[in-house]
Amino acid sequence: MYWATGSARVLAVEPSLLKPSSDGEDEELELVLPVITSGQDHGTDIEANSQKGIMSRVVKGAGSGIVDMARNEQGSLWATITRESIQLWVHRPVGVIAKVVRTPKSLLDHGANLKVMWKPDSTMLVVVTEQSFLHLYKIAPQGNDGASYQLTNSKSYALGPGEGIGFPDLTIKFKMTIKMDAGVSSMVGLDSDIVVATVNPPAVQLIPWVGKVDVKTCLIRHMSFLLDKSVMIVAMSRFPKSTTQTWCMSDGKAYIVYYTPNSSDTASPSSVSSNGESWYGFCFHGNPEGFDRQDAGVVAASNPEYSLLAIGTRGGDVRIFKSGEHAGQWVFSHKLALKESQSYVGGPPDRIISLAWNSDGSALAVGQESRCPSIWSVYGRRLFPSGSHDIPSLKKATEDPYLQGSRALFWSAGNMDLIVLSSDDSSSNFYAIPCAKALSSVQNQLSSAPQCLLHLNDRLLVYSEGHRQDVTSTINPDTFVWNNVMVPPVYLSDNWPIRYSCLSQDGHYLAIAGRRGLAHYNLHSCRWRLFGNWAQEQSFRVQGGLAWFKNILIAGCETIQEHKFELRLYQRENNLDNNDILFTEQFESRIMHISVWRSSLLVYTANNTLYCYSLGTAKRIDLQLVWKTSLQDIVESPTLLKSVSILTTEGANGDVATHITLLVDGKIYFLRPEFLADGNVRLSFRQITDKVEYYWITRSAHDANDFSLWAFNGTTLKMWWHVFGPGGSERSLAAFAKHNFLEMDIEFYPLAILPERGIVLGLEPEIAIHKPKSLAMFKMATKTHLFLQTILRHLLTHNADGEWEAYEFAKHYQELGYFGHALEILLHNVLEDEAESDIGFEEGAVLPRVVSFLQQFPHYLDVIVSCARKTEVALWEYLFTIVGAPKDLFEQCLAADQLKTATSYLLILHTLEPLQTTSQDTVRLLEMTLQAQDFELCKELVRFLNSIDSTGATLQQALSMVTISGA
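Residues numbered from 1 in each chain as written. Predicted model: local features only at pLDDT ≥ 70, side-chain atom pairs only at ≥ 80, totals over all residues. Heavy atoms only, no water.

## Description of the sheet that holds strand E51 (residues 707-712)
Ordered in space as E50-E51-E52-E53, the four strands form an open sheet in which the pairing is antiparallel. Edge positions in the sheet fall to strand E50 (694-699) and strand E53 (741-745), since each of these pairs with one other strand and no more. Between one strand axis and the next, the sheet turns by 20 degrees as a mean value, whatever way the strands run. Pairing geometry for E51 and strand E52 (residues 716-720), over four bridges, is antiparallel. Considered in E52, the bridge of Trp 710 is made with Met 719. Strands E52 and E53 of the sheet are contacted by helix H9 (residues 788-798), whose axis makes an angle of about 140 degrees with E53. (Pairing = 2+ DSSP bridges. Helix = DSSP H or I, 4+ residues; strand = E, 2+ residues; numbered from the N terminus. Axes fitted to C-alpha atoms, helices over the stretch in contact; angles between N-to-C directions. Contact = heavy atoms within 4.5 Å.)

## Brief notes about the pattern of salt bridges
Taken as a whole, this structure holds 29 salt bridges when the rule is applied. Between Asp 181 and Lys 179 there is a salt bridge, with the nearest N and O atoms lying 3.5 Å from each other. You can call Asp 181 partly exposed: its relative accessible area is 23%. Assessed through its relative accessible area of 23%, Lys 179 is described here as partly exposed. One salt bridge in this structure joins Lys 322 and Asp 665, with 2.9 Å as the shortest N-O distance. In this pair, Lys 322 sits in strand E22 (residues 318-323) while Asp 665 sits in the loop between strand E47 (656-664) and strand E48 (667-675), placing the two residues 343 residues apart along the sequence. Summarising the burial analysis for this pair, Lys 322 and Asp 665 share the class buried. (Salt bridge = Lys/Arg side-chain N within 4 Å of Asp/Glu carboxyl O. Buried < 20%, exposed > 50% of the residue type's maximum accessible area, 1.4 Å probe, protein only.)

## Structural notes on the side chain of His 285
When you line up the elements, His 285 lands in strand E19 (residues 279-285). For His 285, the side chain forms a polar contact with the main-chain oxygen of Asp 295, separated by 2.8 Å. Here His 285 is in contact with Gly 252, Lys 253, Ala 254, Phe 291, Asp 295, Ala 296, Gly 297, Ile 311, Arg 319 and Phe 321, once residues within four sequence places are set aside. (Polar contact = N/O pair within 3.5 Å; in protein donor to acceptor, adjacent residues only side chain to side chain.)

## Thoughts on the packing of helix H13 (residues 860-869) against helix H16 (residues 899-912)
Contact geometry for H13 and H16: axes closest at 10 Å, N-to-C directions at 35 degrees. In this structure, the crossing between H13 and H16 has a hand that is left-handed. Contact with H13, carried on its side by Leu 861, Asp 862, Ile 864, Val 865, Ala 868 and Arg 869, involves Thr 901, Ser 904, Tyr 905, Leu 907 and Ile 908 of H16 and no other residues of that element. (Left-handed = near helix turned anticlockwise from the far one by under 90°.)

Structure below.
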């Protein structure tokens, strides 16, 4: 998951770079496509671009702001365009490595630059001009010697992350011009063709990148799958590594579209219209009878990692669709709550301008016309900015243009920066917002320490110390410490970004893997261990993740030259060297995931096979294959499997059971292997829930063989307990998933479950304005959520033996300093829910069970009075009908010598009973307090008597009674 951190970097196209080109190459070759005839003539519209305005700019010779920007498919190269120029950027180290400035004649004849797009293989660019010309540019090496500028580390200067590779040896070469007489409304790039949507007439043209005049054209009115054939295409996008496209139409509907050349298309001569049979698709957004204009789709972005498709609307909504069980079926999944924060209430609709999923599919960036960009998790949790931020006030307080609106945005390579082009079209700047990310691979491991790791560009943040706080203390997020672990520049300069990371079970050791090689770190000695041989480090990449087994580091690897896939085991104390590898296991396919629990190892490979190994012991590693099986009945595509966990439990009779948990396409599956007579393995499985981003398996704080499953769906946190205890597998595969779970709302994004503390730990974004420059600074605030009261209420509500189960659960948390607070929240929530219905002691009432449960703890009297004082007086009558009269509770406090608690009850007695009675009770309490020599409490009682009678008569009478009684 991703959060903005630090402040945005300003990247500028300097005016000094925008000098006219002397070669004039972009005037030499022009290809004019034949005009497609139609019943209407919009030629005057196409020529409506002001040539006078263009000439004026050329004469003045002034530079212009950035018009558009785009990234290549990997995010390592960017292209920006101004009205007169094209710049080629490299991500690491960031900078312009090539440029082209168009000549005045080209600007006058073809119009200024308007839109830029990459070819999928990053070898070409296409630029659309204001007068509907396509300018094709080739991205080619300048020489044959690799990188032109190779940077090296020195004693006085250390290279930054990813800068060791140097600048690529690339330049921009003009190739040709294509005139689009029918106009251009949108375009998308395929491997071999540019798909161009035209305006007049509305049509689709396939133009080869090679520039041959072999254009295939199909009129919109000939496409039979369209519900309305009198429309035109306003936006197009492509599914990554696919020819499947998304079209947003002028009537607001959105379609999934496929292209399959038929024999007539193949045999047709250049530029001849096809009959539409090669194009087919279906509408997935939009009512056939029509729908509100604000719901019209204007931009789309696909997420193949989770089989999702996002549609941005004219009214400022983002709707997410998911691929259905049948081919060609897309169903509505959820909607992003862009308008639900206070800053959006009552405001005008704000059109969605751009959408961008990151490469791992876990975050969606949303750009709007006049609001700051936002980042959302895959199933709808806002990650930046927080919903609590007052965006209009923020816009007034800061000078950062990108917070005022955006025209384009995308994720850089490694997903560590969100690149934003502000809505100010006169600016020559764009912005890189740095991000921190948490990898899913570290969120579901069982360990004795919370597994929290955050990746930044040059370091990792490791959660520590919070789980070792004094349990008698209160919950203070400021005491939860994040350690900065700086990654050695010598490793990071060549191997950025960090792709995998893993903490050991005890939280003492950290392993990382970047673009090549791996390294590990001792959090106690603060020392790194790296490969001593650079060539060995660069000879392999980690694939599938890292895992610790005692002092053994396990890594799934792929060799670069031989393309072999293997599992490597390294001993922590040994040098990182190919000669010191403990064990190597070869695989037929790439390793996708690994998971370790005790001495069991799971390996999942790209051929959809799951392997289970026995590791032996830490002193004697003996890797033995126990079983393997195919997951083709569960996993449709290996890329859809996001996480796999293994767990073994021992029953009362000593039998060991193996439990496997999978996260596949947002769905959690429980698997249990069964050994057949022929030696093969059969997996019984059951889907537990869906729309899951992360899951955690935690061990009970009081039972080492009792486990719970936690799953976050972007909105709420679900929890199943007693998952893998004795007989737990049978329950989980039957009715367990439907009945034995609870749900809780979380106001932040959870990162870890701390069962022994009874809290959920997570992060929430914050924005601070740095003076005097009024720059926005992004921070991540540590947040906690207490879950004890939620579990207790569920037990008391749904279980026949709920009171006993609740007590058995709660007694292990009595020593926590905030245990009484959890009981108070429990009572308060149940009281507010049941007071309106006045259910009292009737069947189904939970409050009497809660009160009976509270009476088993010494916190009982404190909890009752604290809840009452924080509750509306109108609910007191109902509360004390259940718990008993406040006068009786006051007497219980005196009998138990709980004088401070009795003082709190005086406020309630003062409200409900006559003044004379309250004065008498106060005198009794004052006498006991004097005898106990608690003079601070005596002062509080005196102030209380003075407050209930401003004349002082009650205080004088009480003091005289105390004196007489003391005598």
